[in-house]
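# Structural description and commentary
Listed below, chain by chain, are the residues.
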Amino acid sequence: MIRSLFLALVVAVSAGSPALADKLSLTALSGYLNSFQTATGEFTQINADGTISTGQIFIKRPGRIRFEYNPPEKSLVMAGGGTVAIFDGKSNAPPEQFPLKQTPLNLILESSVNLGRARMVVGHSGDAKKTTVVAQDPEHPEYGNIQLVFTGSPVELRQWVITDGSGDTTTVILGELKTGVALQPSLFNIRHEETRRER
């Protein structure tokens, strides 16, 4: 469940109004994602089994993100230094870790996002009110895909639906994201988090 959430990071940014009746272009969407370095906001997660989780997301591009779940959950998902770590709030065991590059999230956390890259986008539809993009790693489609849903006027990425390698889907609905915020490096330091939890 938590792994599914992490496979699909998304970001919301504001922009000007698109042309009437036109979906947003891949070039424009790439520009939106490249227009910020940091962001934070709330999210609501609808899991594959129908349960609902909420929490706070912290983003620092390139390559860093943190998902903090609200009580009663004590889980935490974070990425830094090219590694994803999943902390199980019900266990004192070390976090499960795997390479960031093995998740579709890596595609939109890169220092320069290019949705126009060959075979990266496998779906692109919409109109002036909504644009939907489905993206995957063209070299490793087995990692899953990210369906990003943008609204228009103003342009915001408000929701994503992810499908992981096993076919499970998770929906994430975003609250308003605040961009350009100052975020401490320790938020994305896996070893620092391990040490903090050991105290």
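Rules of the game
- Residues numbered from 1 in each chain as written.
- Predicted model: local features only at pLDDT ≥ 70, side-chain atom pairs only at ≥ 80, totals over all residues.
- Heavy atoms only, no water.
- Helix = DSSP H or I, 4+ residues; strand = E, 2+ residues; numbered from the N terminus.
- Buried < 20%, exposed > 50% of the residue type's maximum accessible area, 1.4 Å probe, protein only.
- 1 Å grid on protein atoms, 1.4 Å probe; cavity = no way out; pocket = protein on both sides within 12 Å on 5 of 7 lines; lining within 4 Å.
- Points joined across faces, edges and corners; volume = space filled by probe spheres on them.
- Nonpolar A, V, L, I, M, F, W, Y, C, P; charged D, E, K, R; others polar.
- Contact = heavy atoms within 4.5 Å.
- Polar contact = N/O pair within 3.5 Å; in protein donor to acceptor, adjacent residues only side chain to side chain.
- Arc of directions from axis to C-beta.
- Pairing = 2+ DSSP bridges.
- Patch = residues over 30% accessible without salt bridge, like charges linked within 9 Å, V, L, I, M, F, W, Y side chains within 5 Å.
- Areas by Shrake-Rupley, 256 points an atom, 1.4 Å probe, with all protein chains shown as cover.
- Salt bridge = Lys/Arg side-chain N within 4 Å of Asp/Glu carboxyl O.

The number of helices and strands found in the chain is four helices and 12 strands. For the chain, with 199 residues in total, the buried portion stands at 45%.

This part takes up the layout of surface pockets. Roughly 380 Å³ of volume is contained in the largest pocket. As for the largest pocket, its lining consists of 15 residues, of which F87, D88, S91, N92 and A93 are closest to the centre. With three residues, the top contributor of residues to the lining of the largest pocket is helix α4 (residues 190-198). Taken together, the residues of the lining of the largest pocket break down into six nonpolar, four polar and five charged.

Among the structural elements, R61 can be located in the loop between β2 (52-60) and β3 (64-69). Separated by 50 residues in the primary sequence, R61 and S111 have C-alpha atoms spaced 6.3 Å apart. Leaving out residues up to four positions away in the same chain, R61 has contacts with L33, N34, F36, Q37, I108, L109, E110, S111, S112 and V113. Separated by 2.7 Å, the side chain of R61 and the backbone oxygen of F36 make a polar contact. Of note is the side chain of R61, whose polar atom sits 2.7 Å from the backbone oxygen of E110.

Further remarks concern the environment of N47. Mapped onto the elements, N47 comes out in the loop between β1 (38-46) and β2. By relative accessible area, N47 is classed as buried at 5%. Taking the C-alpha atoms as reference points, N47 and T170, separated by 123 residues in sequence, lie 5.0 Å from one another.

A word on helix α2 (residues 26-33). Within α2 the residues assigned to the buried category are L29, S30, Y32 and L33. Buried residues along α2 cover an arc of 155 degrees about the axis, so they all sit on one side. Residues of α2 that are buried sit in contact with α3 (105-109), β8 (130-136) and β9 (145-151).

This part covers the pairing of β1. Bridge analysis of β1 against β2 gives nine bridges, and the strand direction is antiparallel. Within β2, the position partnered with E42 by the bridge is Q56. Hairpin connection between β1 and β2: a loop of five residues separates the two successive antiparallel strands, and G50 in this loop has a positive phi of roughly 95 degrees. Relative to strand β11 (residues 169-174), β1 runs antiparallel, the two sharing four bridges. Considered in β11, the bridge of T44 is made with I173.

A few words now on a nonpolar patch on the surface. On the surface, I46, I52 and I173 cluster together into a nonpolar patch covering about 250 Å² of accessible area. Its place among the elements puts I173 in strand β11. Residue classification places I173 among the partly exposed residues on the basis of a relative accessible area of 36%.

All right, on to the pairing of β3 then. As paired strands, β2 and β3 are joined by six bridges and run antiparallel to one another. Bridge pairing in β3 links F58 to R66. As consecutive antiparallel partners, β2 and β3 are separated by three residues, and within that stretch G63 has a phi angle of approximately 75 degrees, a positive value. In the sheet, β3 pairs with strand β4 (residues 76-80) via four bridges, with the strands oriented antiparallel. Looking across to β4, one finds that I65 is bridged to A79.

Under the defined criterion, the tally for this structure stands at seven salt bridges. Across the pair E193 and R196 runs a salt bridge whose closest N-O atoms are separated by 2.6 Å. Of this pair, E193 and R196 are both found in helix α4, three residues apart, which corresponds to roughly one turn of the helix. The buried category is assigned to E193, whose relative accessible area is 2%. Judged by its relative accessible area of 42%, R196 is partly exposed. A salt bridge links E193 to R197; the nearest nitrogen and oxygen atoms lie 2.8 Å apart. Of the two residues, E193 and R197 are both situated in helix α4; the distance of four residues between them amounts to about one turn of the helix. Connected through salt bridges with shared partners, the residues R66, E68, E193, R196 and R197 form a single ionic network.

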